[in-house]
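# A structural walkthrough
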Amino acid sequence: MKSAEITPFIGVELFDVAYEDLARPGNFAEFTTLLHRHELAVVRGLELSPQQQISLARRLGEPVPFVIERYRHPEFPEIMISSNETRNEKPIGVARVGNFWHQDSTFIADPPPYTMLHGVNVPSTSGHTLFASAIDVYDRLPELWKRKIEGRVGIGSVAKRLRIRPDHVGLSPAEFKVVAETEHPPVRHPLVKVDPYTKRRYLYGSPEYLDSILGFDANETEAFFGVVNSLLQDDADHVYTHRWTPNDLVVWKTHTTYHAATDVEPGVGRTVHRVSIKSAA
Ligand SMILES: [Fe+2]
């Protein structure tokens, strides 16, 4: 298969591939190798039925149904519908989430290793997805910070991103935190991990999904978050912006890939099918 690196830091694109080509075992093995080497793989204009998307996902592992049942595809629970569109005045999926830099699901103990998106109805003018490599972010950390975080553990939490529900009204911030931590217990992850495929070190954890760093005081934690945010936001050369075109297939390794959604312009519909994939048992 024809392929090319998207940026020196992250991403590989495969060209002139149809589902039947990609589904061939030898080709899928090559796709997987490229994904493991480049953290993110893109095939543009790949027409896929939901069944075909799930069957490709099964080659990587086991698709995990989305936690919130009403946002699952009505016939294919493995697919989560990310959409701002409505049918019969009801939302057909979960409105755009993740408009901040994050690695997927680092607030749970065992995040599924792959995420696969298929662009079903995507505008090209907005709703882009930004990607950065957690290996590259680690490499660019100042030596002082590399030393300071070596062997440290981050406390992962979704509390900063939880939305206030009607039953939360009236709670103080401290009370809300207790409720959030009861529903989503904080988890511990090493801040620095080694990717099993490239054998390279990467930073694991994003400020929005990290509550604290064990052994750091509040000032050190904030200083560290500032460094990470500036590495993610201030150097556009190290970020790949995926401008969607219809039927794009985008797959990434959740551990080594930071990403952020950008807004969709008002009045424009956008629907993407997402499959989260855990390692095969
Ligand atoms: Fe995400």
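Residues numbered from 1 in each chain as written. Predicted model: local features only at pLDDT ≥ 70, side-chain atom pairs only at ≥ 80, totals over all residues. Heavy atoms only, no water.

Note the threshold: UniProt positions are given in the numbering used here, feature names are shortened, and annotations may be inferred rather than shown by experiment.
As recorded by an unreviewed UniProt entry, the chain carries the name Taurine dioxygenase and is attributed to Amycolatopsis vastitatis. Within the UniProt record for the chain, the comment given under Sequence similarities (unreviewed entry) is "Belongs to the TfdA dioxygenase family."

## Thoughts on the coordination of the iron ion
In ideal tetrahedral geometry, four donors around a metal make angles of 109.5 degrees, whereas ideal octahedral geometry with six donors gives angles of 90 or 180 degrees. Counted only if it meets this: The donor set covers N, O and S atoms within 2.8 Å of the metal, switching to 3.2 Å for Na, K and Ca, and it leaves out water, so a site may look short of donors. Partly exposed describes any residue whose relative accessible area lies between the buried limit of under 20% and the exposed limit of over 50%, with all areas from a 1.4 Å probe on protein chains only and scaled to the type maximum.
On the protein side, the iron ion has His102 (NE2), Asp104 (OD) and His259 (NE2) as donor atoms, found 2.1 to 2.2 Å from it. Each donor residue of the iron ion belongs to the same chain, and together they define the spacing H-x1-D-x154-H. Its relative accessible area of 6% is what places Asp104 among the buried residues.

## Comments concerning the UniProt feature "domain: TauD/TfdA-like" (unreviewed entry) in the chain
Which entries qualify depends on this criterion: The way it works is that DSSP assigns letters per residue, a run of H or I at least four long becomes a helix, a run of E at least two long becomes a strand, and they are numbered from the N terminus.
In the numbering used here, UniProt assigns the feature "domain: TauD/TfdA-like" (unreviewed entry) to residues 4-275. From the first C-alpha to the last, residues 4-275 spans 24 Å; its make-up is 26% helix and 26% strand.

## Overview of helix α3 (residues 50-60)
Selection criterion: It is the directions from the helix axis to the C-beta atoms that the arc portrays. Only heavy atoms matter for contacts: two residues are in contact if any of them lie within 4.5 Å across the pair.
For α3, the complete set of buried residues consists of Gln53, Ile54, Leu56, Ala57 and Leu60. Each buried residue of α3 sits inside an arc of 160 degrees when the element is viewed along its axis, so together they form one side. Looking at the buried side of α3, the elements it contacts are α1 (19-23), α2 (25-38), β4 (62-64), β8 (114-121), β16 (249-253) and β18 (271-278).

## A short note on the packing of aromatic side chains
Filter applied, for reference: Under the pairing criterion, centres of Phe, Tyr and Trp rings, with the six-membered ring standing for Trp, must be within 6.5 Å; the plane angle then separates stacked pairs below 30 degrees from edge-to-face pairs above 60, leaving the rest tilted.
Inspection of the entire model under this criterion finds ten aromatic pairs. Ring centres of Phe107 and Tyr209 lie 4.8 Å apart, and the angle between their planes is 75 degrees; on these two criteria the pair is classed as edge-to-face. Of this pair, Phe107 sits in the loop between β7 (90-91) and β8 while Tyr209 sits in the loop between β13 (201-203) and β14 (210-213); the two residues are 102 residues apart in sequence, bridging distant segments of the chain. Residues Phe107 and Tyr209 agree in their burial class; the two are buried. Centre to centre, the rings of Phe224 and Phe225 are 6.5 Å apart; their planes meet at 45 degrees, and the pair counts as tilted. The residues Phe224 and Phe225 share a single accessibility class, namely buried.

## Concerning the packing of α2 against α3
The condition that has to hold: Note on geometry: axes are lines fitted to C-alpha atoms, helical ones only across the stretch in contact, with angles between N-to-C directions running from 0 to 180 degrees. For classification purposes, an angle smaller than 35 degrees is called roughly parallel, one larger than 145 roughly antiparallel, one from 65 to 115 roughly perpendicular, and anything else oblique. Left-handed is the label given to a crossing in which the near helix is rotated counterclockwise from the far helix by less than a right angle, and right-handed is the label when the rotation is clockwise. Polar here means any residue other than Ala, Val, Leu, Ile, Met, Phe, Trp, Tyr, Cys and Pro, which are nonpolar, and Asp, Glu, Lys and Arg, which are charged; Gly is therefore polar.
Put simply, α2 and α3 touch, their axes get as near as 11 Å, and they point 65 degrees apart. With respect to α3, the axis of α2 lies roughly perpendicular. In the packing of α2 onto α3, the handedness of the crossing is right-handed. Of α3, the residues touching α2 (which contributes Pro25, Phe28, Thr32 and Leu35) are Leu56, Arg59 and Leu60. The residue makeup of the contact of α2 with α3, split by class, is five nonpolar, one polar and one charged.

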